[in-house]
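# Topology and contacts: notes
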Amino acid sequence: MHANSAGLSLLTKDERSFYWAAIAGAWRPHIGGGTPRDFGPCGVVLDHNIPMLFSHWERRYPYLTSAMPLADEGLLVPFYVNGRAVGNDLGDRPR
C-alpha cells in the first residue's frame, strides 16, 4: 500500500468514541486524540462491518480538511477481538 501513515483506532469502553491508540508516520502528532463514533469514517466501517477505501475523503467528510496532511487515499479496515469489532486499522497516503 506504500502508506505514509498508519494507525489504530479503538472504541472506548462505552463504544461512543474512538481513541487513536497508535499512529506512525505523518499523522503521528494526532496520537491520543479521537472522534465520536458517529462522526466519520471509523464509525461507518464498524457499523457496516466493511473495509473502506477512500480517495480524497474530505469530499465525503468535509471536517477532514483540517486534518493535515490531507490524504490522497486512505484504507480503513475493521478488526476484531473474540469475533467482536473493536476498532479500525488505517493507512493513508498524504498529498
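The preceding data block contains the structure.
Worth saying up front: this structure is predicted, and the values here are computed from it rather than measured.

What counts and what doesn't
- Residues numbered from 1 in each chain as written.
- Predicted model: local features only at pLDDT ≥ 70, side-chain atom pairs only at ≥ 80, totals over all residues.
- Heavy atoms only, no water.
- Helix = DSSP H or I, 4+ residues; strand = E, 2+ residues; numbered from the N terminus.
- Rg over C-alpha atoms; globule rule 2.2 N^0.38 Å.
- Phe/Tyr/Trp six-rings, centres within 6.5 Å; stacked < 30°, edge-to-face > 60°.
- Buried < 20%, exposed > 50% of the residue type's maximum accessible area, 1.4 Å probe, protein only.
- Pairing = 2+ DSSP bridges.
- Polar contact = N/O pair within 3.5 Å; in protein donor to acceptor, adjacent residues only side chain to side chain.
- Contact = heavy atoms within 4.5 Å.

## Describing the overall build of the chain
Broken down by element type, the chain carries 1 helix and 6 strands. Overall, the chain shows an N-to-C arrangement of helices and strands of β-β-β-α-β-β-β. For a compact globule of 95 residues, the expected C-alpha radius of gyration is about 12 Å, and the chain comes in at 12 Å, within 12% of that figure. With respect to the three principal axes, the spread of C-alpha positions in the chain is 35 × 25 × 25 Å.

## A short note on the packing of aromatic side chains
The final tally for this structure, using the stated rule, is 5 aromatic pairs. For the pair Trp27 and Trp57, a centre-to-centre distance of 5.9 Å together with 35° between the ring planes defines the contact as tilted. Taken together, the residues span a long stretch of sequence, with Trp27 in the loop between β2 (17-25) and β3 (34-36) and Trp57 in the loop between β4 (52-55) and β5 (71-81) at a distance of 30 residues. Of the two residues, Trp27 and Trp57, both sit in the buried class. Members of the aromatic cluster, joined through ring pairs, are Trp27, Phe39, Phe54, Trp57, Tyr61 and Tyr63.

## Some details on the pairing of β4
The alternating pattern of β4 places Met52 and Phe54 on a buried face and Leu53 and Ser55 on a face that is not buried. Pairing between β4 and β5: 4 bridges, direction antiparallel. Residue pairing across strands places Met52 opposite Leu76, the latter belonging to β5.

## Side note on the side chain of Ser5
Mapping Ser5 onto the fold places it in strand β1 (residues 5-11). At 2.9 Å, the side chain of Ser5 forms a polar contact with the backbone oxygen of Ala24. From its side chain, Ser5 meets the backbone nitrogen of Trp27 in a polar contact 3.1 Å long. With residues up to four places along the chain from it excluded, the contact list for Ser5 reads Ile23, Ala24, Gly25, Ala26, Trp27, Leu90, Gly91 and Asp92.

## Side note on the side chain of Thr35
For Thr35, the position within the fold is in strand β3. Accessibility expressed as a relative area gives 15% for Thr35, which makes it buried. With sequence-adjacent residues up to four places away left out, Thr35 is seen in contact with Ser17, Phe18 and Trp20.

## Let's talk about unusual backbone geometry
Positive phi is not limited to glycine here, since His56 has a value of about 50°. In this fold, His56 is placed in the loop between β4 and β5. For Asn82, which is not glycine, the phi dihedral falls at a positive 50°. Within the secondary structure, Asn82 sits in the loop between β5 and β6 (84-94).

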